[in-house]
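# Analysis of the macromolecular model
Here is how the chains run, residue by residue.
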Amino acid sequence: MFRVPRYSITAKLTRMNMLVSGAALLIACVAFVAYDRVTFQQAMVHNLSIQAQMAGSNSVSPLMFNDPQAAENTLSALKAAPDVVSAGIYTRDGRPFATYWRDGHAQALTLPQIPPNQTEIYRFQDGQLVVVRTIVFEGKPTGTVYIRSDLREMSGRLEQYAGIAAIVLLASLIAALLVASIFQRAVAKPIVHLAEIARLVSRDKDYSVRATSTGNRDEPAILIQAFNEMLGQIQEREEALQKAHDELEQRVQERTAQLAAANKELELQNREVERANQLKSQFLASMSHELRTPLNAILGFSELLSREEPITKTDKYKRWTEHIVQGGKHLLQLVNDVLDLSKIEAGHIELSLENFAVEAAIPEVLSNIRQLAMTKKIQVDVQSEPGVTVYADRIRFKQILYNLLSNAVKFTPGGGNITLGVTRDDRLANISVTDTGIGIRPEDQKVVFDEFRQVGKTTRGVTEGTGLGLAITKRLVERQSGTIALSSELGKGSKFTFTLPLSRQATETQPSTSSSGAVSSRNRPLVLVVDDETPSRELLVSYLAPEGYETDTASSGAEALVKALELLPDAITLNMLMPGKNGWEILHRLKTTPATAAIPIVIVSIVDDKGRGFALGASEYLVKPVKKEALLAALKKHLGPNGPFKVLVVDDEDTSLQLASQVLESAGYVPLLAHSGGEGLELLTKNAVDAMVLDLMMPEMDGFEMLRKLKDSPSTHNLPVFVLTAKDLTSADKDFLFLATQGFFRKGEFWKEELLAQLRIATSTSVGRAEEWTTR
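Right, let's walk through the structure included here.

Cut-offs and rules
Residues numbered from 1 in each chain as written. Predicted model: local features only at pLDDT ≥ 70, side-chain atom pairs only at ≥ 80, totals over all residues. Heavy atoms only, no water. Helix = DSSP H or I, 4+ residues; strand = E, 2+ residues; numbered from the N terminus. Buried < 20%, exposed > 50% of the residue type's maximum accessible area, 1.4 Å probe, protein only. Contact = heavy atoms within 4.5 Å. Areas by Shrake-Rupley, 256 points an atom, 1.4 Å probe, with all protein chains shown as cover. Phe/Tyr/Trp six-rings, centres within 6.5 Å; stacked < 30°, edge-to-face > 60°. Lys NZ or Arg CZ within 6 Å of the ring centre and 35° of its normal. Salt bridge = Lys/Arg side-chain N within 4 Å of Asp/Glu carboxyl O. Pairing = 2+ DSSP bridges. Axes fitted to C-alpha atoms, helices over the stretch in contact; angles between N-to-C directions. Patch = residues over 30% accessible without salt bridge, like charges linked within 9 Å, V, L, I, M, F, W, Y side chains within 5 Å. Arc of directions from axis to C-beta. Polar contact = N/O pair within 3.5 Å; in protein donor to acceptor, adjacent residues only side chain to side chain. Core = buried A, V, L, I, M, F, W, Y, C linked by side-chain atoms within 4.5 Å. Parallel < 35°, antiparallel > 145°, perpendicular 65-115°, else oblique. Nonpolar A, V, L, I, M, F, W, Y, C, P; charged D, E, K, R; others polar.

Helices and strands together make up the secondary structure of the protein chain, namely 21 helices and 22 strands. When the 776 residues of the protein chain are sorted by exposure, 40% land in the buried category. Considering only contacts in the protein chain between residues 6 or more positions apart, those separated by 24 or more positions represent 65%. Here the protein chain displays about 43,400 Å² of accessible surface, and carbon together with sulfur accounts for 55% of that area.

A few words now on the packing of aromatic side chains. Under the definition given, this model contains five aromatic pairs. Their ring planes at 50° and their centres at 6.0 Å tell us that Phe-704 and Phe-736 sit as a pair that is tilted. Here the residue Phe-704 occupies a position in helix H19 (residues 703-712), and Phe-736 occupies one in helix H20 (residues 731-740), the gap between them amounting to 32 residues. Judged by relative accessible area, which is 11%, Phe-704 ranks as buried. A ring pair is formed by Phe-738 and Phe-744, whose centres lie 5.5 Å apart and whose planes are at 75°; its orientation type is edge-to-face. An aromatic cluster of three or more residues is present, and its members are Phe-356, Phe-397 and Phe-498. In this arrangement the basic side chain of Arg-612 is found over the ring face of Trp-584, its NZ or CZ atom lying 4.2 Å from the centre. A cation over an aromatic ring shows up here: Arg-708 above the ring of Phe-736, its NZ or CZ 5.2 Å from the ring centre.

A separate point is the pattern of salt bridges. This model, assessed by the stated rule, comprises 15 salt bridges. The partner of Glu-354 in a salt bridge is Arg-394, with the nearest N and O atoms 3.6 Å apart. With Glu-354 in strand S6 (residues 353-357) and Arg-394 in helix H8 (residues 394-410), this pair connects stretches of sequence that are 40 residues apart. The class for Glu-354 is partly exposed, based on a relative accessible area of 29%. Salt bridges linked by common partners bring Arg-102, Asp-150 and Arg-152 together as one network.

Turning our eyes to something else, we now look at the sheet that holds strand S5 (residues 140-150). Spatially, five strands are ordered S2-S1-S5-S4-S3 in an open sheet, and the strand pairing comes out antiparallel. In the strand order of this sheet, the two ends are held by strand S2 (96-101) and strand S3 (120-125), each with one partner. Strand-to-strand twist across the sheet, computed as the mean angle between neighbouring axes with direction ignored, equals 15°. Relative to S5, strand S1 (residues 84-91) runs antiparallel, the two sharing seven bridges. Along S5, the bridge assignment pairs Gly-88 with Tyr-146. Against the sheet, helix H3 (residues 68-75) touches S1 and S2, its axis set at about 30° to S2.

On the surface, Met-64, Phe-65 and Phe-137 cluster together to form a nonpolar patch covering roughly 350 Å² of accessible area. Among the structural elements, Phe-137 can be located in strand S4 (residues 128-137). Given a relative accessible area of 33%, Phe-137 falls into the partly exposed group.

Let us now look at helix H14 (residues 583-592). Among the residues of H14, Gly-583, Trp-584, Ile-586, Leu-587 and Leu-590 are the ones counted as buried. Buried residues in H14, looked at end-on, bunch into an arc of 165°, giving them a common side. In this fold, the buried residues of H14 make contact with helix H13 (557-567), strand S15 (571-574), strand S16 (601-605), helix H15 (610-615) and strand S17 (620-623). The backbone nitrogen of Trp-584 lies 3.2 Å from a side-chain oxygen of the residue at the head of H14, namely Asn-582.

A separate point is the side chain of Ser-536. Note on placement: Ser-536 falls in helix H12 (residues 534-544). With residues up to four places along the chain from it excluded, the contact list for Ser-536 reads Asp-531 and Lys-624.

This part covers the pairing of S2. Of the strand pairs in this sheet, S1 and S2 are connected by five bridges, and their pairing is antiparallel. Residue pairing in the sheet places Gly-88 in a bridge with Thr-99 of S2.

Moving on, we get to the nonpolar core. Of all hydrophobic cores here, the largest spans 43 residues; its most connected members are Phe-397, Leu-401, Leu-404, Leu-405, Ile-418, Ile-431 and Phe-498. Once you skip the residues sitting within four places of it in the chain, Ile-418 turns out to touch Ile-378, Gln-379, Val-380, Asp-381, Leu-405, Ala-408, Val-409, Thr-412, Val-433, Thr-434 and Asp-435. Ranked by size, the runner-up nonpolar core spans 25 residues in total, among them Leu-48, Leu-63, Leu-75 and Tyr-100.

Our focus in this paragraph is the sheet that holds strand S19 (residues 670-674). Reading across the sheet, the five strands line up as S19-S18-S20-S21-S22 and stay open at both edges, with parallel pairing between neighbours. Each edge of the open sheet carries a strand with a single partner, namely S19 and strand S22 (743-746). Adjacent strand axes in the sheet meet at a mean angle of 20°, parallel and antiparallel pairs treated alike. Relative to strand S20 (residues 691-694), strand S18 (residues 646-650) runs parallel, the two being bridged by four bridges. Of the residues in S20, the one forming a bridge with Val-649 is Val-693. Helix H17 (residues 654-666) rests against S18 and S19 of the sheet, and its axis sits at about 165° to S19.

Once that is clear, we can look at the packing of helix H7 (residues 358-375) against H12. A packed helix pair is summarised by two numbers, namely the angle formed by the two axes and the spacing between the axes. The geometry of H7 relative to H12 is characterised by a closest axis approach of 8 Å and an angle of 95° between their N-to-C directions. One finds that H7 runs roughly perpendicular with respect to H12. Contacts from Pro-363, Ser-367 and Arg-370 in H7 reach Glu-538, Val-541 and Ser-542 in H12. For the contact of H7 with H12, the class distribution of residues is two nonpolar, two polar and two charged.

Turning to the environment of Gly-678, a few remarks are in order. Following the sequence through the fold, Gly-678 ends up in helix H18 (residues 677-686). Residue classification places Gly-678 among the partly exposed positions, given a relative accessible area of 37%. Residues Gly-678 and Met-706 lie 28 residues apart in sequence; the distance between their C-alpha atoms is 8.2 Å.

The next thing to look at is H20. Those residues of H20 that fall on the buried side of the exposure criterion are Asp-733, Lys-734, Leu-737 and Ala-740. Down the axis of H20, the buried set is contained in an arc of 140°. They therefore lie on one face. Opposite its buried face, H20 presents the exposed residues Ala-732 and Leu-739, each directed more than 90 degrees away. Taken together, the buried residues of H20 touch strand S8 (389-393), H19, strand S21 (721-725) and S22.

Take the environment of Ser-487 next. Turning to its location among the elements, Ser-487 is positioned in strand S11 (residues 484-489). The exposure class of Ser-487 is partly exposed, given its relative accessible area of 41%. Sequence separation between Ser-487 and Gln-445 is 42 residues, and the spatial gap between their C-alpha atoms is 8.2 Å. Sequence-distant contacts of Ser-487, defined by excluding residues within four places in its chain, comprise Ser-494 and Lys-495.

In structure tokens, the structure reads:
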């Protein structure tokens, strides 16, 4: 397609004028030259034909009398025609009879064949004109005349005409240029002026500007007039728009008053919506209870069945019970995911925000994750910045962390590594989970947080789960004013990072600097773990935290001495091989300092020198690697008695009662069972119990009413109560339970170990108080 360069309109008009003029003149010259050439060619053919006719007529007698010399004399008359190159006379049978050559070099000429019914032919060939004519005498062919002529005269004529045409063309172009320069002022200058005015109006939005008229009646003048009229119309519309804007503001004020009146009607509608939401919440709570309760029984009894030696003495029964346990846990997780997502989307999930230390919440999650990781020989490391406290929901924080860590284990091949990192900046805590797994494809990273999206296969090559885990995790993080992000490279692993706001009052999560305050504010035994190796500290913390112990750590001997005097822990675990002040020196300092001399010290070291340890005052000496049972037994030996205690279990469902009874019996407690709140109160009047496990959703008298009766009675006011329920708790429910109970747990989740740990703390505290009263 022909494209016009970006020249000015003046240049375009000049070039267009010259191009049109030149093209017209060029076409005319070419046509004239072509016509002249055709005409000249016809004249040459006519002249040469006459010469051939004359030569043929004069050669009749020589042909008749066979006189070649006379024929050559006749042809020599062609010397008067300088353009004739050669000529010849041929006999009737085509034999050469006489010839003529302008340059004198005679040679035979090939005679062309004349078609029948023709006496003459001509042709242009090899830059020459050839004419062949039959000699006729008395109506009979007697011979043939052959004449050749060059085209020098025609070539010279064409060159002369071409020169004349070039001169005429050049002169015409110069004249066209002069004419274009005169007329462009009348056409181009008004258009350029109009374009400049349009540019100014577009830039400044000033519609009062007008273009100057030329005063003529041509098209540019009409265009300028139309442009000015358009500007006038736009100016009028701008003024009308401003007026409409002012009127609109007034109408908005009137509408606002009308909306205020309409709000009363909307209030009635809102009440109906709230009522519908309450009905939906009740339905959700009912579904949660109906689904979780039977699953809780299936899962609990399956675990107990797998622990009974008479039943599980064969591998076949063990495999069956393991399948039941794993299937129940998996089904429970799916139900929990669906219920959590439905509550989040319905806006019914409630969070109990509090300040807590991240380090205190991690060990409980790691104790479950490491069990999963050990089966695949995956190393789980923690790189935590000390003193990071957040303002969030502690339970949901553990759920978020468990989801990310369990995903990392699921998608990391055997022998890989998983790193949990905790850092902080000015406003946020940053928690990251990094694995060396199979990674996530770039196209899948965009939808990894969507509901029901399973974007990859596990290391076993299958797709697991509902695809809700990460969707729930993202929503829980965002509900707590945080963000979550993913970075991954296929085949090299993934990194999930989420943020949570730092604690609003850091002092709430910091230990008291007063020794007496540290002791009096604790309701659980505090163990100070001293080891220079981070994995060793994390391992011991993961042993102790689920069992109900408070923990603090020290990575050096100097730090251990400071924290021991500051916290006055109930027990200390101590490693012997540490840089700087080694364990022997720390043990000696602790036992010779009056404030810490009575604290039980359990040595946990790779060095087997029990004699020296006991000589310096150690209470127990354990050689690494240390099993969890050995460490717990050593601490219980020096931190007080352990049962048996009576625990009252109140639940209207037989399966839940039996499950709780078996769990308590296996831990050494004596369970008392009640099927209703009234039956439970009656048992309390006849038996002295040390603690109570209570369900909330019961007919006649629910758990909330029973708790109020317990708190109103002086004999049961201080009874430790633990709630075990499938009910979805509201914020008001949680606030009440925080004040009225020692803890509450959800059926179907990992409640057994934590409940037993809390029971051990509650019963040991009650024993201590009883002994103190006896001493008094």
